[in-house]
Amino acid sequence: MTPDGADPAAPPRDLSGRRVLVVVSGGIAAYKTVDVVRRLLKRGAEMRVIMTRAATRFLHPNTFASITGRRVALDLFRKGGEPDVDHLELPHRAELILIAPATANLLAKYAHGIADDLASTALLAAQCPVLAAPAMNPSMWTHPATIANLRALKERGVLTIGPNRGEMAAPGEESGEGRMSEPHEIEAEIVRILTGDETRSLSGKTILITAGRTEEPVDRVRVLTNRSSGRMGVALAEAAVKRGAQVVLVHGAMDVPPPAGVRAVHAPTAREMLEQVNRHAGDADAAIYVAAVSDWRPERAREGKLKREQQAGASLSLALVENPDIAAETAGLVNGVTVGFALEVGDAIDSAREKMRRKHLDAILLNRVETIGAERATLTWITGSETSVLGPGDKRELAERVLDHLHPLLIHGPESR
């Protein structure tokens, strides 16, 4: 306890008085929504809950009524047949509506403007941000109808979080993408939406970020490099600064400039980047290794410029040697959380997780080769026990999601070393 009697471990009251309406639809993931509501209540939010009739097959309304101290809204009509005004009063008072779980059925009704129960009617009456947390089995999630419905909702401004990849509830069902996001992820996203980008959740923290591409000299003119733009690292640095962190950005070549407010250190080659990361790692509370570091470099950089006429009629061979693995060599120097990036072909979850273990990282972000240098991407956040799909989204959106996942590790410590 602090001298004034406050509990230093208690969640911040940053949502004090903020009004959140939760729409619970019929899925087994509804049990997670109980934890979400508890978390938001601890932050000071005023919570109201609407449940669909299908949702009551999974959870009794008294569960939510007991933790919120308010009755759960269920029907458009009261028992005596009189219409209820909850479908207007609740969404009009809310500052944010969370749909959790957001089933394929409710998303379809919402996308097509169907209002045949209290939940769907309230959503159509909403005048505030709506955040949907989808939850369904992988075959439903990847069905063209669901994809089209979600696209239509996003075009109207509906926000989404998840779903994650993992085991399904039904016995024997294959794991895949469709698990509802975890309560702490949904909590962090709601805090971000309601408090804005100026939240200072990383105040007092030092974040080391590597970004861009290294360039290994072949001669005085040519380099061995890759197509990385540096945008992801810059977006992460910018987002961390907004959250109050001190950011050291060790970067190679980038297509975008470093953001304001960071300490930018230029390190054009892998060996120079390793030197700078070694210099700053011991002061970092977290290190995020985003840079696309060349795996190899020419054994010897040629003097001057290799001229075509000097090689006329002959092939040119370059002897390559392996570059240092910066993440693997420096992760142990960081007094906090270490996060790497894995650029892979296709899904490659197992390969990314093995890379995380081999480099002794606390988490790794899986990126797909086809998105390198692109404005938009989908990342997968991987730890020893968690797999969460982030996106699709632009690099700034993804950066916010990455920091939402990083924050609990900074506060509570990594799962394992």
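Every value quoted in this text rests on a predicted model; they were computed, and no experiment measured them.

Trainee: Which residues make up the environment of Gly304, and what values do they have?
Mentor: By secondary structure assignment, the location of Gly304 is in the loop between strand 14 (296-298) and strand 15 (320-322). You can call Gly304 partly exposed: its relative accessible area is 35%. Remark: the alpha-carbon pair of Gly304 and Val221, spanning 83 residues in sequence, is separated by 7.8 Å. The contacts of Gly304, once residues within four sequence positions are left out, are Asp219, Arg220 and Val221.

Trainee: I'd like a rundown of the sheet that holds strand 18 (residues 376-382), residues and numbers included.
Mentor: Pairing is mixed across the open sheet formed by 8 strands, whose spatial order is 12-11-8-13-16-17-18-19. Looking at which strands have only one partner, the edges of the open sheet turn out to be strand 12 (263-266) and strand 19 (387-394). Adjacent strand axes in the sheet meet at a mean angle of 20° when their direction is disregarded. Alignment of strand 8 (residues 206-211) against strand 13 (residues 286-289), held across 4 bridges, turns out to be parallel.

Trainee: Requested: an account of unusual backbone geometry, with residues and values cited.
Mentor: With an omega of -5°, the peptide bond running from Ala100 to Pro101 counts as cis. Positionally, Pro101 belongs in strand 3 (residues 96-102). In this structure, the amide linkage connecting Gly162 to the following residue, Pro163, adopts the cis form with an omega of 5°. Here Pro163 shows up in the loop between strand 5 (159-160) and strand 6 (164-166). Positive phi, normally seen in glycine, also occurs at His360, with a value near 60°. Its place among the elements puts His360 in the loop between helix 12 (349-358) and strand 17 (363-368). Of the residues examined, His360 reaches a relative accessible area of 54% and is grouped as exposed.

Trainee: Let's hear about the side chain of Gln276: which residues, and what values?
Mentor: Along the chain, the position of Gln276 falls in helix 10 (residues 270-281). The residues touching Gln276, leaving out its near neighbours within four places in the chain, are Val250, Val265 and Ala267.

Trainee: Just give me the short version of the pairing of strand 11 (residues 246-251), but keep the residues and values in it.
Mentor: The side chains of a regular strand alternate between both faces of the sheet. Among the 6 residues of strand 11, 5 are classified as buried, and the element is accordingly described as predominantly covered. Looking at chain direction, strand 11 and strand 12 are connected through 4 bridges and run parallel. Of the residues in strand 12, the one forming a bridge with Val250 is Val265.

Trainee: An account of the packing of helix 1 (residues 30-42) against helix 2 (residues 61-68) is needed here, citing residue identities and associated values.
Mentor: One way to put it is that helix 1 packs onto helix 2 with a least axis distance of 10 Å and a crossing angle of 10°. Taken together, helix 1 and helix 2 sit at an angle that is classed as roughly parallel. Contacts between helix 1 and helix 2 involve Ala30, Thr33, Val34, Val37, Arg38 and Leu41 on the former and, on the latter, Thr63, Phe64, Ile67 and Thr68. Here the residues of the contact of helix 1 with helix 2 are counted per class, giving 6 nonpolar, 3 polar and 1 charged.

Trainee: I'd like a rundown of helix 13 (residues 395-412), residues and numbers included.
Mentor: With 18 residues, helix 13 should cover 26 Å at 1.5 Å per step; its first-to-last C-alpha distance of 26 Å lies within 8% of that length. Taking burial as the measure, the 18 residues of helix 13 include 13 buried ones, the bulk of the element.

Trainee: Describe the pattern of salt bridges, with residues and values.
Mentor: If you walk through the whole model with that rule in mind, you get 20 salt bridges. Two residues, Glu189 and Arg192, come together in a salt bridge whose shortest N-O distance is 2.9 Å. Highlighted residues: Glu189 and Arg192, both in helix 8 (residues 183-195), separated by 3 residues, approximately one helical turn. Overall, Arg192 belongs to the partly exposed group, its relative accessible area being 22%. What makes Glu189 buried here is its relative accessible area of 1%. Residues participating in the shared-partner salt-bridge network are Asp14, Asp35, Arg39, Arg43 and Glu187.

Trainee: Explain helix 2 residue by residue, including any values.
Mentor: When we look at burial in helix 2, the residues that qualify are Pro61, Phe64 and Thr68. Looking down the long axis of helix 2, one finds its buried residues gathered within 75° of arc, a one-sided arrangement. More than 90 degrees from the buried face of helix 2, the exposed residues found are Asn62 and Ser66. Contact partners of the buried residues in helix 2: strand 1 (19-24), helix 1 and strand 2 (46-51).

Rules and cut-offs
Residues numbered from 1 in each chain as written. Predicted model: local features only at pLDDT ≥ 70, side-chain atom pairs only at ≥ 80, totals over all residues. Heavy atoms only, no water. Helix = DSSP H or I, 4+ residues; strand = E, 2+ residues; numbered from the N terminus. Buried < 20%, exposed > 50% of the residue type's maximum accessible area, 1.4 Å probe, protein only. Contact = heavy atoms within 4.5 Å. Pairing = 2+ DSSP bridges. Axes fitted to C-alpha atoms, helices over the stretch in contact; angles between N-to-C directions. Parallel < 35°, antiparallel > 145°, perpendicular 65-115°, else oblique. Nonpolar A, V, L, I, M, F, W, Y, C, P; charged D, E, K, R; others polar. Expected span 1.5 Å × (residues − 1). Salt bridge = Lys/Arg side-chain N within 4 Å of Asp/Glu carboxyl O. Arc of directions from axis to C-beta.

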